[in-house]
Amino acid sequence: MIKVSPKIKRILVPIISIIAGFLVGAIIMLIWNYNPIQAYSSMFASALGNMNGIGETIREASPLIFTAIGFAIASKAGFFNIGLPGQAQAGWLTSIWIVLAYPNMPKIILLPLAIIVGTIAGALVAGVAGYLRAQFGTNEVITTIMLNYIVLYTCQYLMQQVMSPNLRIDTDTTKNISSNGSLKINWLTNMFGGSRINAGIFLALVAIIIYWFLMKKTTMGFEIKSVGANPFASRYAGMSSKKNIILSMLLSGSFAGLGGVVQGLGTYQNYFTQTTSLDIGWDGLSVALLGGSTTIGILLAAILFSILKIGGLGMQTIAGIPYEIVSIVIAAIIFFVAISYVIGLLFKTKDKKNNYQQPQRKERGPNNGIDGSNIEVGKKGQI
Amino acid sequence: MNIVTTLALIVSSTFVYSAPLILTALGGVYSENSGIVNIGLEGIMTMGAFSSIVFNLTFASTFGKATPWIGALVGGICGLTFSLLHAVATINFHANHVISGTVLNLMAPPLGVFLIKAIYDKGQTENITQNFGYFTIPGLANIPIIGPIFFKNTSAPAWCAILISILLWWVLYKTRFGLRLRSCGENPQAADTMGIHVYAMRYAGILISGFMGGLGGAVFAEAISGNFSVSTIVGQGFMALAAVIFGKWNPLGAMWASLFFGFAQSLSIIGNQLPLISKIPSVYMQIAPYVITVVVLVLFFGKSVAPAADGVNYIKSK
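Residues numbered from 1 in each chain as written. Chains lettered and ligands numbered in written order. Predicted model: local features only at pLDDT ≥ 70, side-chain atom pairs only at ≥ 80, totals over all residues. Heavy atoms only, no water.

Broken down by element type, chain B carries 12 helices and 0 strands. Listed N to C, the secondary structure of chain B is α-α-α-α-α-α-α-α-α-α-α-α in terms of helices and strands. Taken over the C-alpha trace, chain B has a radius of gyration of 20 Å; the compact-globule value for 318 residues is 20 Å, and the two agree within 12%. Expressed along its principal axes, the backbone C-alpha trace of chain B runs to roughly 65 × 50 × 40 Å. (Helix = DSSP H or I, 4+ residues; strand = E, 2+ residues; numbered from the N terminus. Rg over C-alpha atoms; globule rule 2.2 N^0.38 Å.)

Put into C-alpha cells, the structure is as follows:
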C-alpha cells in the first residue's frame, strides 16, 4: 500500500486504468499470436510520426472534446446523458442540410447559422429527456437511449424520403457542402500534409474554455453542480431543480450537437446514412469518464483516444493487426475507470482531517440544531 | 391474399422477430429484479450471436439439424461468461451500473469482430447452412383457421421463448428463490438482515440475464441475420431493455411487450407486402418501440413499478 495525497490519487487512478487497458489489449493480441509491441509502436508511430498523422489525430480529437463536454455537464448535474450519439447525429444532419440548402449565402452568415442550427438540434433532442426528467421524473438513461434510436431512424427517413433529391448523390449520401459552409482551412490542411484537420479544433479549445468558465465562474455552473451534488440542499437554498435539470440537459445536448456539426462541416463535408449510433457519442462518453469531467482531463483523454483511433488505422496496414483492438483497449480502459474503487484500494490517502480534532458538542438545541448548531445547552441554571 | 394467409404471414414474422427480444428481455427482468441495472444487454446479445455463428459454421456437418439449437446454448453460455464482467464490476467492485453496462456494449462488437478476423481473416462470416427456419407443430397445425395462423410454418424458438417466459414468471413469483431475488432488488439491507446472501442473489440475477441475453443474440443470429458482422446486433438489446420497462419488470409483461415490439419491427419489414400498411412510412414502425417506451415511462410515473433498489450498489457492512 502506497501513501499518497488525495490529489495524486485522482491522477494515478486514470493512469493505472490506461496502463491496465493497454495490457488487456496486449494479452488479447498475444493469445491470437499478434505482436503487441509491434502493434503499439506502429500505432504511435503512425499517429504521431508525420504531420498528416498529427493532423488527423487533432481532427479526430475535436468532436470528441465536444461530446465529452456534453457528457460532463450532464454528469455534473447528476445525470447520465447516454444520448450523445443521437444528439450529435441531429447536429450533423441539420447543419449539413442548412449549408446544402443555402450554398451561396456569404460564409460569414452561413457558417455561424449552420453551427447554431446544429447546436439547437442537439439541444432539443437532449431537452426532451431533460424536460421529461424535470416534469415527470422519467429516468434519463432510458429516455436518452430510446432517443438515440428515434433519432437514428428519423434521420434515415429524413435523408431518404424528405430531403430534396437535388441535395443528394443517392439515397444514402448527400452532396458535398460548398466552401461557404465548410470548416476547412486551406493553410491548416497544407501545414498538416493534406489531412482533414479543420477549424473544429479551435472551436473545441474555445468550448473547453467556455466549459471551464461556466462551471467555475458562473452562478449557472454553480447551481448545476450543487443540484447534482445535493438536490435537496439546493432546493432549500432556493435553486429550482427543475430549471437546472432542463438547463443542464440543454447545455449537454448543445455541446453534443456541436460535436456532430464539427464532424459534418469539418471532417466529412457531407452526411451519409448511419446504420448504428454514432461513434463520437460513445467515444465522447469514454473521454469524459477517463478525464474525470475535468477540463485538462477531457483534453488529454480526447488526444489519447484519437491517437489510438488514428494510430489503429496505421497499425492495421503496417502490422496487419485488426483495427478492433483499439476499441477493445478503449472499452477496457473505461472498465478499469468504472472499478476505480478497487484501484483506489492500492493507495492509502493521507487523510489530513484525522489530525484535526473536532470540538465536541455537548448537546444540541431543541430542534436538532437547525437554527444554529453551535448553540450549546449547558447545565441547568447556567442560561 | 386472403385474410388467413395475410394473418399467417404477420404472425409468423412477428414471432421470428419477437423470439430474441423475449429471451433477452426475460434476462433483463431477472437482472433488474435482483437490483442490477443491465444496459449491457446489447453487448451480451452480440457475444451470443458471435459464438453461436462460429459454433454453427464449425459444427454444422457434425450435428446437422440440431446445430442451431446447440448453437443457441453455446451463445447462452458465452453470454453468461461475458456478463460475469458486469457482475464482478457492479457487485464486488462497486462500479456504477450504467458505466459498467456501457463497457459491455463498447467491448462486445469490437471483440466479436476481432475474433472473427483472427479466426476467418475477414470482417464478416459466411452465411450459416443450418438455421432455425420454419417449423410446423404437428397436431395443432390441423386446427382450422387458428392452426395455419399460429402453428403452421411458425418459429420454433418463439414458442420456446413463450414457454420459458411462463416458466420464469413462475420462478420469479411462486418460488422461494424468486422471492429472495426480488427482495434483493427491493431492499437489500432487509434481505441481508433476514439472512439472504445478497451478493449471491445478484450474481444469480446477472448470470441469468447473461445466459438469456446470449440465447437471444444466438436466436437472432441463427434465425434472422444468418451471419455475424459488426452490424448484426443493432439496437436489439436496447429494444429488449425497452420491453423490460414496457412490461413493468414482469416476465409475462416483458413477453407481451416483446411480442408487440416484434410485431412493430416485422411490420416495418414486411409492411410493403400488405395493403394499407404499405402506405405508412416504415419509420413509424421502426421508432414505435422506442417512442412507446418513453410514453409508458411518463404515464407510469408515480406508480413506482421498478424495483426500489434497482441500480443501487449494496455494500455489506462489516
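On to the overall build of chain A, then. The secondary structure content of chain A amounts to 15 helices and 4 strands. Taken over the C-alpha atoms alone, chain A extends approximately 90 × 50 × 35 Å along its principal axes. In chain A, buried positions account for 54% of the 383 residues. At a minimum sequence separation of 6, the contacts of chain A that also span at least 24 residues come to 75%. Computing the positive centroid from 28 side-chain charges and the negative centroid from 13, chain A places the two 10 Å apart. (Buried < 20%, exposed > 50% of the residue type's maximum accessible area, 1.4 Å probe, protein only. Contact = heavy atoms within 4.5 Å. Lys, Arg positive; Asp, Glu negative; His and termini not counted. Charge placed at Lys NZ, Arg CZ, Asp CG, Glu CD.)

The subject of this paragraph is the environment of Q156 of chain A. Note that Q156 of chain A resides in helix α6 (residues 140-162). For the pair Q156 of chain A and N33 of chain A, spaced 123 residues apart in sequence, the C-alpha separation works out to 41 Å. Discounting residues that sit within four places of it in the chain, Q156 of chain A has contacts with T273, Q274 and T275 of chain A together with Q286 of chain B.

With that settled, the discussion passes to the nonpolar core. Counting 199 residues, the largest nonpolar core has I69, I82, L265, F305 and I325 of chain A as the members making the most contacts within it. For this core, the element with the most residues is helix α14 (residues 325-338) of chain A, which contributes 13 residues. The residues touching I82 of chain A, leaving out its near neighbours within four places in the chain, are V141, T144, I145, N148, W282 and L285 of chain A together with I39, V98 and T102 of chain B. Grouped together as the second largest cluster of nonpolar side chains are 5 residues, I10, I270, L274 and M285 of chain B included. (Core = buried A, V, L, I, M, F, W, Y, C linked by side-chain atoms within 4.5 Å.)

A word on the confidence of the model for chain A. Residues and elements named next belong to chain A. Within chain A, residue pLDDT values average 87, and 90% of them lie at 70 or more. At the low end of the mean pLDDT range in chain A sits strand β4 (residues 347-349), at 70; at the high end sits helix α4 (residues 84-101), at 95. Every residue in residues 354-383 scores below 50 in pLDDT, and together they form 11 contacts with partners more than four places removed in sequence or on other chains. (pLDDT = per-residue confidence, 0-100.)

Looking now at the side chain of S51 of chain B. All names here are of chain B. Considering the arrangement of structural elements, one finds S51 in helix α2 (residues 41-63). Given a relative accessible area of 9%, S51 falls into the buried group. Of the polar contacts made by the side chain of S51, one reaches the backbone oxygen of G48; its length is 3.2 Å. Once you skip the residues sitting within four places of it in the chain, S51 turns out to touch V74, G75 and C78. (Polar contact = N/O pair within 3.5 Å; in protein donor to acceptor, adjacent residues only side chain to side chain.)

Let us now look at the pattern of salt bridges. All names here are of chain A. Counted by the stated rule, this structure contains 8 salt bridges over all chains. Across the pair E60 and R59 runs a salt bridge, and its minimum N-O distance is 3.4 Å. Judged on exposure class, the residue E60 and its partner R59 are both buried. Two residues, K243 and E223, come together in a salt bridge whose shortest N-O distance is 3.7 Å. Linking K243 in helix α11 (residues 241-268) with E223 in helix α9 (residues 219-229), this pair joins segments that are 20 residues apart in sequence. On the accessibility criterion, K243 (48% relative accessible area) is partly exposed. When salt bridges with common partners are traced through the structure, they connect E56, R59, E60 and R196 into a single cluster. (Salt bridge = Lys/Arg side-chain N within 4 Å of Asp/Glu carboxyl O.)

To continue, consider the UniProt feature "transmembrane region" (unreviewed entry) in chain A. All names here are of chain A. Under the feature "transmembrane region" (unreviewed entry), the UniProt entry names residues 12-34, 108-129, 141-159, 197-215, 245-265, 285-308 and 320-347. As annotated, residues 141-159 has a helix share of 100% and a strand share of 0%, and its two end C-alpha atoms lie 27 Å apart. Here residues 320-347 is 71% helix and 4% strand, with 39 Å between the C-alpha atoms at its ends. (UniProt positions renumbered as here; feature names shortened; annotations may be inferred.)

Given a rise of 1.5 Å per residue, 18 residues ought to cover 26 Å, and the 26 Å separating the end C-alpha atoms of α4 of chain A matches this to within 8%. Burial analysis of α4 of chain A places 15 of its 18 residues in the buried class, which makes it a mostly covered element. (Expected span 1.5 Å × (residues − 1).)

Attention now goes to the interface of chain B and chain A. Each side of the interface is counted separately: chain B has 40 residues, and chain A has 41 residues. Interface area for chain B against chain A, summed over the two sides, is near 3,800 Å², with a carbon-plus-sulfur share of 85%. Among the ionic pairs, E324 of chain A bridges to K117 of chain B, the shortest N-O distance being 2.9 Å. The tally of links from chain B across to chain A stands at 2 residue pairs in polar contact (both at pLDDT 80 or more). Elements with a minimum of two residues in the side of chain B that touches chain A: α3 (67-92), α4 (97-120), α10 (236-246) and α12 (282-299) of chain B. The element contributing the most residues to the side of chain B that touches chain A is α4 of chain B, with 14 residues. Residue composition of the side of chain B that touches chain A, by class: 31 nonpolar, 7 polar and 2 charged. (Buried area = accessible area lost by both parts, 1.4 Å probe. Nonpolar A, V, L, I, M, F, W, Y, C, P; charged D, E, K, R; others polar.)

All names here are of chain B. Of note, I10 is situated in helix α1 (residues 3-33). Taking the C-alpha atoms as reference points, I10 and A87, 77 residues apart in sequence, are found 39 Å from one another. Not counting residues within four places of it along the chain, the set of residues in contact with I10 comprises F263, S266, I270 and L274.

Time to look at a nonpolar patch on the surface. Residue and element names in this part refer to chain B. On the surface, a nonpolar cluster with roughly 470 Å² of combined accessible area is contributed by V4, L140, I143, I145, I146 and F150. Structurally, L140 is set in the loop between α4 and α5 (146-151). For L140, a relative accessible area of 38% translates into the label partly exposed. (Patch = residues over 30% accessible without salt bridge, like charges linked within 9 Å, V, L, I, M, F, W, Y side chains within 5 Å. Areas by Shrake-Rupley, 256 points an atom, 1.4 Å probe, with all protein chains shown as cover.)

Before going further, it helps to examine the packing of α3 of chain B against α4 of chain B. Residues and elements named next belong to chain B. The geometry of α3 relative to α4 is characterised by a closest axis approach of 10 Å and an angle of 155° between their N-to-C directions. As far as their axial angle goes, α4 and α3 are roughly antiparallel. As α3 runs across α4, the sense of the crossing is right-handed. Residues F82, L85, H86, A89 and T90 of α3 form the contact with α4, whose participating residues are H97, S100, G101, L104, M107, A108 and L111. Looking at the contact of α3 with α4, its residues break down into 7 nonpolar, 5 polar and no charged. (Axes fitted to C-alpha atoms, helices over the stretch in contact; angles between N-to-C directions. Parallel < 35°, antiparallel > 145°, perpendicular 65-115°, else oblique. Left-handed = near helix turned anticlockwise from the far one by under 90°.)

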